[in-house]
Amino acid sequence: MSASGPRLQPTIFERSKPGRGGGLVPHPPSDALDRIPTEQRRERPAGLPELNEAEVVRHYVNLSQLNHAIDVGFYPLGSCTMKWNPKVNEWAARLPGFANLHPLAPDVTTQGTLQLLWELEQILLEVTGMRAVTLQPAAGAHGELTGILMIRAYHEARGDTARTEVLVPDSAHGTNPATATMAGLHTVSLPHEDDGGVAVEAFRRALGPQTAAIMITNPSTLGIFESRIGELLEAVHEAGALAYMDGANLNAILGRFRPGDAGFDVMHINTHKTFSTPHGGGGPGAGPVAVNERLEPYLPAPRILRDPDGAFRLERPGERPTSIGRMRAFVGSTGVLLRAYAYLRTHGGSGLAEVTDDAVLAANYLKHRLAESGAFDIPFEGVCKHEFIASASSIKKRTGIRTLDIAKRLLDHGFHAPTVYFPLTVDEAMLIEPTETESVETLDAFADALVAIAEEADRDPDVIRSAPHTAPVRRLDEAAAARNPNLRWRPAAGDWTPCPD
Amino acid sequence: MVPSDLRYTKDHEWVRLDGDTATVGVTQYAADQLGDIVFVDQPDVGRTVEQYATFGVVESVKAVSDLYAPISGEVAEVNGELAAKPELVNSDPFGAGWMIKVKVADPSQLDDLLDAAAYERLVAEG
């Protein structure tokens, strides 16, 4: 792609004109550099772009309008839980008492934030049925690593060092096997049954004295609740292994299923998904990890403690030698955790159960509408949880139109595409997660658009193959972008260089 | 139709034995299912690969997948062209898109693999 479409603009550097700063940013006083050693000073001034204020604001406002976003339209990206992010959370996170807090401020001046985080921990424990929680991990996958490192520490503390394998069903999140590898363990993949659940026989064969843990995404990435969870966890514990639950799909079980009660030893919570925060494109996130009594000693340090006099404080270095140590600077993604707190407080217990009921209802409604249309394959029949799989396998065989083409064509209808080609176990997969925050009119409009595209595939496939037609850029060459990534703007040779290399 | 002189794994790798050297790649079916391939992570020359164990990773715009060795032995050569032109795996999977050459330890391991007819049946069953 070249940045030359009609709605695309040159970069801010290319628009820069020497001397056009508007004079609003004062130059530093002439003696400002006196105490900086000469060898530390740059030889040339920093090449900051120079534009007037109106140009800068317009540049970024126009850029922001090129993206599809949850504030613009429906965003049914399966597994990502792109629910509406209540604006009251943004207000709360921007309160100056929270937002302007210095991360190195002493505990005595940060009591409000510590109390909020401590209370958030209590709420998360109630939601998950667990014993203790760390708020440190920066997002889900980081939470997984934290959890598996604690499991490793648990086995090592017992002298049980031969446990080197982690069982991961093929319907789990792709991050699970990556986590096991990062933690120095080996992944053993488990197949699934026709109903989407873990294949029990294969599971029993794989389980043994070498098993450190099983990682189960529940509900799975097929949108299916693991109905044999009791049987699986019993066998895991009998074998001396521990059970990790990937809680990325917690939106489907709030108030209805507590992983701690079911026997899971550890789980992470993607607060940016389940409890809302604008996310995508790599962050920001927060992935608190909740554990039962087996793993509590190994929680990362520092924990947030409440002393008998009611004061809150951070654990002191070395106070709990069994800890696996620090997983992140300071106490975590505080801004994201604040939004989760606001979300949880505004919903309350009954509100959370309603969130789940509506999320599951919306997914089943959309699934039923697509099944009824006959336009798409629905590989797993029956009731789903908060997301479901549709497939364009038949459409592809009949017309050559692939899921990727349909995803691009959806943009012309004003919708973000669902997750495509994931999970890998389903041909031409679309993973659709509507979330609880969409109206029935929106769900109907999305179903209508998908059915219309399926009909168009027979009638006028070239329109789909060349989609999108209304987006700021047309079909991108994803293969070329991945093979020859161009990640940084550089000035043309001979140009004035505002940003020296 | 797949080449009849090759042996195949259930994971869609192929192997061709010339003397004690086996050439390994992925099948057309695998390449089509993966879509545009953007990167092939190959083992170092001299490394030992085990039959059915992973020897590398192939990355496409759709997915990242492990590559499984059809046969054990020592890596004698890797296809250096794939570093700059991974698309060769899509355009010519049985030819210029080959991945590694292995100095074979035990040629009888080939007997465990699928012949062309059995592999075609596997693909037809989906």
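It should be emphasised that the depicted structure is a prediction, and the values quoted were computed from it without experimental measurement.

Caption draft 1: Region of interest: the overall build of chain A. A tally of regular secondary structure across chain A gives 16 helices and twelve strands. Expected size for 501 residues packed as a compact globule is a radius of gyration near 23 Å; at 26 Å, chain A falls within 12% of this value. If you line up chain A on its principal axes, its C-alpha atoms span 75 × 70 × 45 Å. In chain A, 71% of the contacts between residues at least 6 apart in sequence involve partners at least 24 apart. Accessible surface computed for chain A: about 23,900 Å², of which carbon and sulfur atoms make up 54%. Between the averaged position of the 48 positive side-chain charges in chain A and that of its 62 negative side-chain charges there is a distance of 5 Å.

Caption draft 2: Main features of the sheet that holds strand β2 (residues 13-18) of chain B. Residues and elements named next belong to chain B. On the basis of which strands lie adjacent, the open sheet formed by six strands has the order β1-β2-β3-β9-β8-β5 and antiparallel pairing. Each edge of the open sheet carries a strand with a single partner, namely β1 (7-8) and β5 (48-49). One ladder, built from two bridges, connects β1 with β2; its direction is antiparallel. By the bridge assignment for β2, Arg7 is matched with Val15.

Caption draft 3: Broad picture of the environment of Met130(A). Residues and elements named next belong to chain A. Here Met130 is to be found in the loop between α4 (111-128) and β1 (132-134). Here Met130 falls in the buried class, since its relative accessible area comes to 10%. Between the alpha carbons of Met130 and Glu39 there is a distance of 55 Å; along the sequence they are 91 residues apart. Discounting chain neighbours no more than four positions away, the residues touching Met130 are Leu125, Pro259, Gly260, Phe264, Asp265, Val266, Met267, Ala290, Val291 and Asn292.

Caption draft 4: Spatial organisation of the pairing of β2(B). Residues and elements named next belong to chain B. Hairpin geometry of β1 and β2 is characterised by an intervening segment of four residues between the two adjacent antiparallel strands and by a positive phi of about 75 degrees at His12. When β2 meets strand β3 (residues 21-26), the two strands line up antiparallel, connected through six bridges. Looking across to β3, one finds that Glu13 is bridged to Val26. Between the end of β2 and the start of β3, which pair antiparallel, lie two residues, with Gly19 showing a positive phi angle near 65 degrees.

Caption draft 5: The domain arrangement of chain A, seen in detail. Residues and elements named next belong to chain A. By the assigned domains, chain A splits into domain 1 (88-344) and domain 2 (350-483). For domain 1 and domain 2, the distance between their C-alpha centres works out to 30 Å. Taken together, the 26 residues of domain 1 in the interface contact 20 residues of domain 2. A combined buried area of about 1,700 Å² lies between domain 1 and domain 2, and 62% of that area is made up of carbon and sulfur atoms. The tally of links from domain 1 across to domain 2 stands at one salt bridge. In this structure, Asp357 and Arg256 form a salt bridge, with 2.7 Å as the shortest nitrogen-oxygen distance. Run the count over domain 1 and domain 2 and you get seven residue pairs in polar contact (both at pLDDT 80 or more). By residue class, the composition of the side of domain 1 that touches domain 2 is 13 nonpolar, nine polar and four charged.

Caption draft 6: Region of interest: unusual backbone geometry. Look at the link from Ala301(A) to Pro302(A): it is a cis peptide, with omega at 0 degrees. Mapped onto the secondary structure, Pro302(A) falls in the loop between β7 (289-291) and β8 (304-306). Of note in the backbone geometry, Ser79(A) takes a positive phi value of approximately 80 degrees without being a glycine. Among the secondary structure elements, Ser79(A) is positioned in the loop between α1 (53-64) and α2 (87-93). Even without being glycine, Tyr52(B) reaches a positive phi, approximately 70 degrees. On the accessibility criterion, Tyr52(B) (43% relative accessible area) is partly exposed.

Caption draft 7: The arrangement of the packing of aromatic side chains in detail. Residue and element names in this part refer to chain A. According to the stated counting rule, one finds eight aromatic pairs over all chains in the structure shown. Summarising the aromatic geometry, the rings of Phe225 and Phe257 are spaced 4.9 Å apart at their centres and angled 85 degrees between planes, so their arrangement reads as edge-to-face. Here Phe225 is found in the loop between β4 (211-217) and α8 (229-238), whereas its partner Phe257 is found in the loop between β5 (242-247) and α9 (259-262), with 32 residues between them in sequence. When its relative accessible area of 15% is taken as the criterion, Phe257 is described as buried. Each residue in the set Phe74, Phe415 and Phe446 is aromatic and connected to the rest through ring pairs, giving one cluster.

Caption draft 8: Here's a closer look at the confidence of the model for chain B. Summing up the model confidence of chain B, the mean pLDDT is 94 and the portion of residues at 70 or higher is 99%. Prediction confidence for the complex, expressed as pTM and ipTM, is 0.87 and 0.71 respectively.

Caption draft 9: Looking closely at the packing of α4(A) against helix α11 (residues 334-373) of chain A. All names here are of chain A. Between α4 and α11, the least distance of the axes is 10 Å, while the angle of their chain directions is 45 degrees. As summarised for this structure, α4 and α11 are arranged oblique, according to the angle between their axes. Between α4 and α11 lies a crossing whose hand is left-handed. Here Thr113, Leu116, Leu117, Glu119, Leu120, Ile123, Leu124 and Val127 of α4 come into contact with α11, specifically with Thr334, Leu337, Leu338, Ala340, Tyr341, Leu344, Arg345 and Leu352. Among the residues making up the contact of α4 with α11, the classes are represented as twelve nonpolar, two polar and two charged.

Caption draft 10: Region of the structure containing the packing of helix α5 (residues 140-157) of chain A against helix α6 (residues 175-182) of chain A. All names here are of chain A. Look at α5 against α6: their axes get within 9 Å of each other, and the N-to-C directions meet at 45 degrees. In terms of axis orientation, α5 runs oblique to α6. Like other packed secondary-structure pairs, α5 and α6 cross with a definite hand, here right-handed. Listed contacts from α6 to Ala141, Glu144, Leu145 and Ile148 of α5 are Thr175, Asn176, Thr179 and Met182. Here the residues of the contact of α5 with α6 sort into four nonpolar, three polar and one charged.

So, how was this worked out
Residues numbered from 1 in each chain as written. Chains lettered and ligands numbered in written order. Predicted model: local features only at pLDDT ≥ 70, side-chain atom pairs only at ≥ 80, totals over all residues. Heavy atoms only, no water. Helix = DSSP H or I, 4+ residues; strand = E, 2+ residues; numbered from the N terminus. Rg over C-alpha atoms; globule rule 2.2 N^0.38 Å. Contact = heavy atoms within 4.5 Å. Areas by Shrake-Rupley, 256 points an atom, 1.4 Å probe, with all protein chains shown as cover. Lys, Arg positive; Asp, Glu negative; His and termini not counted. Charge placed at Lys NZ, Arg CZ, Asp CG, Glu CD. Pairing = 2+ DSSP bridges. Buried < 20%, exposed > 50% of the residue type's maximum accessible area, 1.4 Å probe, protein only. Domains from an automatic or database assignment. Buried area = accessible area lost by both parts, 1.4 Å probe. Salt bridge = Lys/Arg side-chain N within 4 Å of Asp/Glu carboxyl O. Polar contact = N/O pair within 3.5 Å; in protein donor to acceptor, adjacent residues only side chain to side chain. Nonpolar A, V, L, I, M, F, W, Y, C, P; charged D, E, K, R; others polar. Phe/Tyr/Trp six-rings, centres within 6.5 Å; stacked < 30°, edge-to-face > 60°. pLDDT = per-residue confidence, 0-100. Axes fitted to C-alpha atoms, helices over the stretch in contact; angles between N-to-C directions. Parallel < 35°, antiparallel > 145°, perpendicular 65-115°, else oblique. Left-handed = near helix turned anticlockwise from the far one by under 90°.

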